[in-house]
Amino acid sequence: MAAPAPPVRLRATGITKKFGRREVLSNVNFEVRAGEVAAVIGSNGAGKSTFLKICAGLISPTSGRVEVNGSIGYCPQAGGTFDFLRPSEHFVLFGRGDGLNRDTALTRGREMAAMLGWEPEPKVQARHLSGGTRQKLNVILSTLGGHDILLLDEPYQGFDRGTYTDFWEVIWRLRDTGRTIVVITHMLNTMDRVDQVLDLTPTGSERNR
Ligand SMILES: Nc1ncnc2c1ncn2[C@@H]1O[C@H](COP(=O)(O)OP(=O)(O)OP(=O)(O)O)[C@@H](O)[C@H]1O
C-alpha cells in the first residue's frame, strides 16, 4: 500500500493581486506539502515577490485565500538585517523572536553560518559585511526558528559559486527533515531537483513590466 501523502503545508487558492488598476497576479493556485521544495519563477515584474509576501501574510491579496499549516520563516529579497548590529546580535534578536533562548540562538546561527562556509567575526557590524555575506546572514535568520515552511525570496544574491552550492545542500537537508521550502529563483539549472515549479510569467508574456 502506498504511504499517505505528506500534509499540505501551504495552499494558495485563486490569488489575484491588483495595485491600483494594475493586475499583477491573476488567479494563482499553488499547493506545497511537507518535505517538498517548490521554485517560483517568472520574468522580472511577474509578481514573484508579491506572491511570496501574500503567502507570508505580509500583504493581502485582492481576492483569493492562503491556508497555512505550520509556522513560517521568511527571507526578504533585500534588507532584513540591521546596519549597526553584529551577526551574533542578529542571531539573538531573531532567535529570541522565534522563542529560542540566547545560547540556542547563537549556536544555531553559528551552525547555519558554518554550513554556508562562513565564520562570523565577533566584532564586525552588518554594515561592514560584503553583500554576499550579508545575504548569508539574511538567509540564516529565516532558518533560526526551525520553521515548518521557509519562504525565500531570491536568497542567494551575491553568493559565490561555493556558497551557492552550500546553500542548495542546506535546502536539500531541510527538505529531508520534512520542511517545506518555497524559493524564488532565476537559476534554471536547479529546476530538475525541485519538486515543483510555479511559473508566474504572464501568458502572452508581457515581460519586464
Ligand atoms: N506596493 C506596490 N505598489 C505598487 N506596485 C507594486 C507594489 N509592489 C510591487 N508592485 C509592482 O508589482 C509588479 C510585481 O512586482 P514583484 O516585485 O512582485 O515582481 P517580481 O516578479 O518579484 O520581480 P523581480 O524578478 O524583478 O524581482 C511590479 O511591476 C512592481 O512594480
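Owing to the predicted nature of the structure, the values given are computational and were not obtained by experimental measurement.

J.: Would you mind going over the domain arrangement of the protein with me for this structure?
T.: Often, the extent of an interface is quoted as the loss of accessible area on bringing the components together. According to the domain assignment, the protein contains domain 1 (1–70 + 148–209) and domain 2 (79–146). If you average the C-alpha positions of domain 1 and of domain 2, the two centres end up 23 Å apart. Every contact between the two is made by 14 residues of domain 1 and, on the other side, 11 residues of domain 2. Together, the buried faces of domain 1 and domain 2 total about 1,000 Å²; carbon and sulfur atoms form 68% of this surface. The interface formed by domain 1 and domain 2 contains 0 salt bridges. Linking domain 1 with domain 2 are 2 residue pairs in polar contact (both at pLDDT 80 or more), by the criterion used here. Looking at the side of domain 1 that touches domain 2, the elements that each hand over two or more residues are β6 (149–153) and α5 (161–176).

J.: For this particular structure, what's the right way to read the sheet that holds strand β8 (residues 196–199)?
T.: The pairing of strands in a sheet happens through backbone hydrogen bonds and is either parallel or antiparallel. Strand order across the open sheet formed by 5 strands is β5-β6-β7-β3-β8, with parallel pairing between neighbours. At either end of the open sheet lies a strand with only one pairing partner, and these are β5 (72–75) and β8. Sheet twist, expressed as the mean angle between neighbouring strand axes with direction ignored, is 15°. Where β6 meets strand β7 (residues 180–184), 5 bridges bridge the pair, whose relative direction is parallel. Within β7, the position partnered with L150 by the bridge is I181. Sheet contacts for helix α4 (residues 131–143): β5 and β6; angle to β5, the most-contacted strand, approximately 170°.

J.: Please clarify how the pairing of β6 should be interpreted in this entry.
T.: Along any regular strand the residues' side chains alternate between the sheet's two faces. Counting buried positions along β6 yields 5 of 5 residues, so the element is predominantly enclosed. Where burial is concerned, the two faces of β6 agree: the one with I149, L151 and D153 and the one with L150 and L152 are both buried. Note that β5 and β6 share 4 bridges and pair parallel. Residue G73 lies in a different strand from β6, and its bridge partner there is L150. After leaving β6, the chain enters α5 and then returns to the sheet as β7, a path that is right-handed.

The rules behind the values
- Residues numbered from 1 in each chain as written.
- Predicted model: local features only at pLDDT ≥ 70, side-chain atom pairs only at ≥ 80, totals over all residues.
- Heavy atoms only, no water.
- Domains from an automatic or database assignment.
- Contact = heavy atoms within 4.5 Å.
- Buried area = accessible area lost by both parts, 1.4 Å probe.
- Salt bridge = Lys/Arg side-chain N within 4 Å of Asp/Glu carboxyl O.
- Polar contact = N/O pair within 3.5 Å; in protein donor to acceptor, adjacent residues only side chain to side chain.
- Helix = DSSP H or I, 4+ residues; strand = E, 2+ residues; numbered from the N terminus.
- Pairing = 2+ DSSP bridges.
- Axes fitted to C-alpha atoms, helices over the stretch in contact; angles between N-to-C directions.
- Buried < 20%, exposed > 50% of the residue type's maximum accessible area, 1.4 Å probe, protein only.
- Right-handed = clockwise from strand over helix to strand, strands pointing away.

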